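Structural description and commentary
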Amino acid sequence: MTLKASLVQKIGNAIKEVARNKGSTWWYTPHMAAASRAIAERIPLVDLVLEVRDARIPLSSKCELIKNLSPTLRRIIILNKTDLANHIQLKEWLKYFEQRKCLVFGVNSHNKDNIKELLNFLRARVRELPKTGHGDQTITLMLVGIPNVGKSALANSLHQIGRISAAEKGRLKHAIVSPDPGETKNISGLKIASHPSIYVLDTPGVLPAEILDAEVCSNLALTGAIRDCLVGEVELAEYFLSIFNLSDEYKKWAKLSLSGADDSSELERRQKRQYLTDHTQDFIVNKVRRMLFEAVSSFNGNLEDEEIMLQLIQAEFAVLRDAFNLPPDSDDYVRKVAAKLLNLYRTGRLGHYTLDLVPNNN
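Residues numbered from 1 in each chain as written. Predicted model: local features only at pLDDT ≥ 70, side-chain atom pairs only at ≥ 80, totals over all residues. Heavy atoms only, no water.

Some remarks on the overall build of the protein chain
A count of helices and strands for the protein chain gives twelve helices and six strands. Buried residues in the protein chain amount to 48% of all 362 residues. Put simply, of all contacts in the protein chain between residues at least 6 apart along the chain, 73% involve residues at least 24 apart. Accessible surface computed for the protein chain: about 18,300 Å², of which carbon and sulfur atoms make up 50%. (Helix = DSSP H or I, 4+ residues; strand = E, 2+ residues; numbered from the N terminus. Buried < 20%, exposed > 50% of the residue type's maximum accessible area, 1.4 Å probe, protein only. Contact = heavy atoms within 4.5 Å. Areas by Shrake-Rupley, 256 points an atom, 1.4 Å probe, with all protein chains shown as cover.)

See below:
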């Protein structure tokens, strides 16, 4: 068994155990159950359902709540966070959904031009809806999905771009955006267009009461849809490195290894000393990239072997302690390295990865 497969089983089992514990405060809580019921009650009343998925895990992030939608209700799959996904595989996923006659759109909710394209796409789909006969028709779209796929960020971006393009004035109403899964508590409506008036409903992220597939559990945990505390940051960081080490992403950083000694100015060196522990600074990110490149490219061994892959990951944790400028006598350095590494992965600083493979057409 490969280390990746072993970690998938370990992570999957940990999440399944939490799911079986119905009294857990971290899984399918009464709040999430109530949110599921509220969304299910609203769905028949809206004109379009926008199912937001994570472009890195287009299948793992599907929303089970709407799998039994009425065939008369139109659904659009929105693959969000396209800036974090592998671009080649993203095109394959878009083609996959289109071949199955699904309406699909890939978007980066933080890119204004991309949001304008999505807004135009949604307006076109609205024009295709049956007319009610009323002159001033109001159209309602509902965003649904699992936690942390970016529904609130998407709602805010559509609202901002829509209000600007409509030249409407007034204080903007925002949906609350949080990096932690499960932070949206209520269903809120935001106006995104006029003539006709189009509103988008932002909803809380909901997970099914139970997830049986260990790989789905692992992918949800790695991308941040499930709280890290359910699995452990170290295990998730090891899972990421088991994927990273078998990818080609590190090869893009070869020039960092060849750049030689630090020739920055005195001002830059002072700034580096000032932000020595901020792992999001470019100079630290580049140091992380360089050290990971050197660790993988100089390692000899069959990475399909579980023990050999684990040896490489342990070596990477050691060099990353230096890259993140953690003291050598730190008792908790492994967890700190893991937390910083996961943050860089989830913000796209360590490359672009699509964890779900496109199913074969056979």
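Examining the packing of aromatic side chains
Under the defined criterion, the tally for this structure stands at eleven aromatic pairs. Both rings, one in F105 and one in F121, keep their centres 5.0 Å apart while their planes meet at 45°; by these two values the pair is tilted. With a gap of 16 residues between them, F105 in strand β3 (residues 103-107) and F121 in helix α4 (residues 112-127) connect regions that are remote in the sequence. Assessed through its relative accessible area of 14%, F105 is described here as buried. Judged by relative accessible area, F121 falls into the buried class, the value being 16%. (Phe/Tyr/Trp six-rings, centres within 6.5 Å; stacked < 30°, edge-to-face > 60°.)

Looking at helix α11 (residues 306-323)
The α-helix advances 3.6 residues per turn, and as a result positions three or four apart in sequence lie on the same side. Helix length check: α11 (18 residues) gives 25 Å between terminal C-alpha atoms against 26 Å at 1.5 Å per residue, within 8%. What α11 keeps buried is the set M309, L312, I313, E316, F317, L320, R321 and A323. In this structure, the buried residues of α11 make contact with α1 (3-20), α7 (233-244), α10 (282-297) and α12 (333-346). Near the N-terminus of α11, the side chain that reaches the backbone nitrogen of E307, with its oxygen 3.0 Å away, is that of D305. (Expected span 1.5 Å × (residues − 1). Polar contact = N/O pair within 3.5 Å; in protein donor to acceptor, adjacent residues only side chain to side chain.)

Considering the pairing of strand β1 (residues 48-54)
For β1, the tally of buried residues reaches seven of seven residues, placing the bulk of the element in the interior. In β1, alternate side chains face the same way, and those of L48, L50, V52 and D54 on one face and V49, E51 and R53 on the other are all buried. Across seven bridges, β1 lies against strand β2 (residues 74-80) in parallel orientation. Bridging across to β2, D54 finds its partner in N80. Examined bridge by bridge, β1 and strand β4 (residues 138-144) share four bridges and lie parallel to one another. Paired with E51 across the bridge in β4 is V144. (Pairing = 2+ DSSP bridges.)

Considerations on the pattern of salt bridges
One pass over the structure, following the stated rule, counts 15 salt bridges. When the shortest N-O distance is used, the salt bridge between K10 and E235 registers 3.8 Å. Note that K10 is positioned in helix α1 and E235 in helix α7, a separation of 225 residues in sequence. Here K251 ties to D248 by a salt bridge, and the two come within 3.2 Å at their closest N and O atoms. Overall, K251 belongs to the partly exposed group, its relative accessible area being 48%. Connected through salt bridges with shared partners, the residues E51, R53 and R75 form a single ionic network. (Salt bridge = Lys/Arg side-chain N within 4 Å of Asp/Glu carboxyl O.)

Some remarks on the sheet that holds strand β6 (residues 197-202)
Taken in spatial order, the six strands of this open sheet run β3-β2-β1-β4-β6-β5, and their pairing is mixed. Taken across any chain shown, the strands that pair with only one partner, and hence form the sheet edges, are β3 and β5 (188-193). Strand-to-strand twist of the sheet, defined as the mean angle between neighbouring strand axes without regard to direction, takes the value 25°. When β2 meets β3, the two strands line up parallel, connected through five bridges. Bridge assignment links I77 to a residue of β3, and that residue is V104. (Axes fitted to C-alpha atoms, helices over the stretch in contact; angles between N-to-C directions.)

Focus on the side chain of K81
By secondary structure assignment, the location of K81 is in the loop between β2 and α3 (87-99). For the buried K81, no salt bridge is present, and the opposite-charge side chain at shortest range is D54, 4.4 Å distant. Apart from residues lying up to four places away in sequence, K81 is in contact with D54, A55, R56, V107, N148, V149 and G150. (Lys, Arg positive; Asp, Glu negative; His and termini not counted.)

Observations regarding the environment of F283
Along the chain, F283 turns up in helix α10. A sequence separation of 40 residues divides F283 from A323, and the C-alpha atoms of the two residues are 9.8 Å apart.

Comments concerning the packing of α7 against α11
α11 packs onto α7 with a crossing angle of 115° between their chain directions and a minimal axis gap of 10 Å. It follows that α7 is roughly perpendicular to α11 by the angle criterion. The handedness of the crossing between α7 and α11 comes out as right-handed. In this structure, α7 contributes V234, A237, E238, L241, S242 and F244 to the contact, and α11 contributes M309, I313, E316 and F317. (Parallel < 35°, antiparallel > 145°, perpendicular 65-115°, else oblique. Left-handed = near helix turned anticlockwise from the far one by under 90°.)

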